Structures are given as C-alpha cells and as structure tokens.
Amino acid sequence: MSDPSRHAPGEPIDDSLRLPSIDGLLAFEAAARLGSLERAAEVLHVSASAVGKRIATLEERLGQPLLTRNPLRLTAAGKEYLAQVRTALALLAAVPLHRRDQQRIVRLSITSPPTFARQVLVPALPGFELEHPDIELELLLSTPYLDQPAPPADIEIFAGTIPVGGEVLLDDVVTPMAAPSLLARLPAIHAPADLASAPLLRTPLQPWQPWLRAAGLDWPEPAQGTRFVDLGLTLEAAACGQGIVLGRPSLAATYLRGGALKRLFDLAVPAAMPYGLVRRTDGEAARAFARWLVRHCQTLSEGTSAEPDAGTA
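Residues numbered from 1 in each chain as written. Predicted model: local features only at pLDDT ≥ 70, side-chain atom pairs only at ≥ 80, totals over all residues. Heavy atoms only, no water.

Enquirer: What am I meant to see in the side chain of Asp172 here?
Expert: With respect to the helices and strands, the residue Asp172 is situated in the loop between strand E6 (167-170) and strand E7 (173-178). Here Asp172 falls in the buried class, since its relative accessible area comes to 11%. Within polar-contact distance, the side chain of Asp172 engages the side chain of Arg248 at 2.9 Å. There is a polar contact of 2.3 Å between the side chain of Asp172 and the side chain of Ser250. (Helix = DSSP H or I, 4+ residues; strand = E, 2+ residues; numbered from the N terminus. Buried < 20%, exposed > 50% of the residue type's maximum accessible area, 1.4 Å probe, protein only. Polar contact = N/O pair within 3.5 Å; in protein donor to acceptor, adjacent residues only side chain to side chain.)

Structure (structure tokens):
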C-alpha cells in the first residue's frame, strides 16, 4: 500500500498517478462502515449492484482485494486503506465549496397508486419543487388492488379507509363521462335511462351500481367488454371513444379541460374509496409535502366541481 505522506500538502499532483474515483472511495467506505452492500446502496442512493461494481473497480485499480464477500469483511489491506480513505474524504468534506447550501438536499420517497400519480401528483410537482427546492422527491408506484404491499417510503398515498393519523386528500365523487366522438355515434343521451344503448366501461375499482341506484335504475353491473383494473386505463379507454366511464372529475381533470371527455349529468355519487396520505416519517420535509399535497387536492376538488357541459345531457 502506498504511503500518502510521500506527497507533501500544497505540492502539485503527479500527472502519472492513476487515482481512483471518488464514487469508488465512497462506496468502499460506506460498505466497510455499514457491513452490507445493500445498506451502503441506501445511503448512497444507488443500487447494491452499483456499489459492488464501484468497489470492484477500485480493487482492480489497486491490484488487491479490500473486502471479502459473503460475509462482507475487510481484508488486511482493506483495513489499512480504509483509514487512509477516511482521512482523504474528511479533507475533501472540509473544503468550503463542498458545503454550499445547495448541496444540503433532503430526499423524500413517495409511494402512490398509478392513476393518482399520473393525473394528480405529477402535473403539480413543478409547483412543489418551486416552493421547496431543497427537497428531492423519489416517486414509486404501488398496486393496491393486487394486494401487494406498497414499497417502503416516507409518504404513502393510497385509496381506501383513512387510518388514524392519516390525512384525506380526495374524498370525491363519480359521474358518467364520455368522449364527444362516442356521443356522436350513439342515440341522444338526455336522461340516465338513455345509457341502456351505450357501452359502459367496467372496473372493479369503481362499480356502477351505486350510481345506477341513485339514478333510479335497477340494472345489474355491466358484464360485457374489457375489464380494466386501473382507473387511469378506464379514463383513457373512454377518451378513445370505447365507452362511457364512471369517473372522478379530479382524476379526469385534464381530459375534461381539453374536451376529450364530457360530463353527462348533474348526478354524482361518492367514489368507492377516498384517496389518503400517511406519513411514515415525521421530518419537516414530510410535513411540508403533506401540507402542500392536501392544499393542492383541495384546490383540485374545487376546480372540478363544475356543472356538466351544455348540450351533453
């Protein structure tokens, strides 16, 4: 192992030196300190395989192993090198330019059902980033209908019963919507009973019967046509003219504003499940995101409570 004391502080670096990458040194230090490639990956916000490759590249550059695998342990050379690496990293960390305010980023992970993420959260993210440039978000998708647990995250957005400590985001309604192209092909729809001649899109996430009962129609749940296990796909199918969707104005806001979908009636009933939020961590970043998203959803609900479009009912 080379002796770092041979290079005096302030002297120029020898151009012939083949120095390892900072990423490799950080990966080695984190893995040695935490005793696991996976835990090092979490700290460095990369994959475990990336940590392993960085360490392997470092070992190749030095020409000797620093860590044994399975179990992960320092070799004799690794123990000596680790002390030198920590000294070098501490010197780099002490450089004032490396401690600028913009480097102090707080990372916050979010899980969300796909349709809520695409239709509500993602379009509004620039507003959050403008308000909180020091918070970096990581957005992960969950698939609650498949009974799979959501990925671990600081904030969990979900559809269902709001638990104690959770916050309501959208406790909204559903109402029939259709594409103008479909309405042009169907007999005129003036009353709910006129839907008898229309294809009704179906999804187990939002049954038709509550709305049909409220409209005074004793019809069974639609039994024909594609079964969509995703609210966003159901809206997209409706926008393509494939049928009439029982949709949430909050999720369909972009379709309604652009004219791809039109509401057919005043009648609306509560959605099958409200959207809610639970904070799994209690830091200021998590609280700031929760406040912002609750406020955004309130604004969205107020903006999508308009009457149906004239001439469509």
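Enquirer: I tried to follow the packing of aromatic side chains on my own but got confused; where do I start?
Expert: Within a pair of aromatic rings, the relevant descriptors are the distance that separates the centres and the angle that separates the planes. Going through the model one piece at a time under the given rule, you end up with seven aromatic pairs. By the ring-pair criterion, three or more aromatic residues cluster together here, those being Phe128, Phe289 and Trp292. (Phe/Tyr/Trp six-rings, centres within 6.5 Å; stacked < 30°, edge-to-face > 60°.)

Enquirer: How should I be thinking about the packing of helix H2 (residues 37-44) against helix H3 (residues 48-62) in this particular structure?
Expert: Between two packed helices, the angle of one axis relative to the other and the distance separating the axes together describe the packing. Following both chains from N to C, one finds H2 and H3 inclined at 100°, their axes separated by 8 Å at the closest point. With respect to each other, H2 and H3 are oriented roughly perpendicular. On H3, the residues that touch Leu37, Glu38, Ala40, Ala41 and Leu44 of H2 are Ala48, Val51, Gly52 and Ile55. Looking at the contact of H2 with H3, its residues break down into seven nonpolar, one polar and one charged. (Axes fitted to C-alpha atoms, helices over the stretch in contact; angles between N-to-C directions. Parallel < 35°, antiparallel > 145°, perpendicular 65-115°, else oblique. Contact = heavy atoms within 4.5 Å. Nonpolar A, V, L, I, M, F, W, Y, C, P; charged D, E, K, R; others polar.)

Enquirer: Looking at this model, I keep getting lost on the sheet that holds strand E4 (residues 135-141). Mind explaining?
Expert: Paired through backbone hydrogen bonds, the strands of a sheet run either parallel or antiparallel to each other. The strand order across the open sheet formed by five strands is E4-E3-E5-E11-E6, and the pairing between neighbours is mixed. Edge strands, defined here as strands with exactly one partner in the open sheet, are E4 and E6. Across the sheet, the mean angle from the axis of one strand to that of its neighbour is 25°, orientation sign disregarded. Sheet topology places strand E3 (residues 106-112) next to E4; seven bridges connect them, and they run parallel. Looking across to E4, one finds that Ser109 is bridged to Glu138. Of the strands in this sheet, E3, E4, strand E5 (155-159), E6 and strand E11 (275-279) touch helix H10 (residues 284-303), which is tilted by about 40° from E6. (Pairing = 2+ DSSP bridges.)

Enquirer: Got a minute to help me understand the packing of helix H5 (residues 114-131) against H10 in this structure?
Expert: Look at H5 against H10: their axes get within 10 Å of each other, and the N-to-C directions meet at 120°. Judged on the interaxial angle alone, H10 and H5 are oblique. The crossing of H5 and H10 is right-handed. Where H5 approaches H10, its residues Phe116, Val120, Leu121, Ala124, Leu125, Gly127, Phe128 and Glu131 are matched on the opposing element by Ala288, Phe289, Trp292, Leu293, Arg295, His296, Cys297 and Leu300. (Left-handed = near helix turned anticlockwise from the far one by under 90°.)

Enquirer: Would you mind going over the nonpolar core with me for this structure?
Expert: For soluble globular proteins, nonpolar side chains are generally found buried alongside one another. Membership of the largest hydrophobic core comes to 40 residues, with the highest contact counts inside it found for Phe116, Leu121, Ile157, Leu169, Phe289 and Leu293. Residue assignment for this core shows that the elements contributing at least two residues are E3, H5, E5, E6, helix H8 (231-239), helix H9 (253-258), E11 and H10. Here the element with the most residues in this core is H10; it accounts for 10 residues. Those residues within four positions of Leu121 in sequence are excluded, and the remaining contacts are Ile110, Phe116, Leu139, Ile157, Phe289, Trp292 and Leu293. Formed by 18 residues, the second largest nonpolar core is a distinct cluster that contains Trp208, Ile244, Leu246 and Leu264. (Core = buried A, V, L, I, M, F, W, Y, C linked by side-chain atoms within 4.5 Å.)

Enquirer: What is the right way to read H10 from this model?
Expert: In an α-helix there are 3.6 residues to a turn, and that puts residues three or four apart on one side. In a regular helix each residue adds 1.5 Å, so 20 residues correspond to 28 Å; H10 covers 29 Å between its end C-alpha atoms and thus fits that length. For H10, the full list of buried residues reads Ala285, Ala286, Ala288, Phe289, Ala290, Trp292, Leu293, Val294, Cys297 and Leu300. (Expected span 1.5 Å × (residues − 1).)

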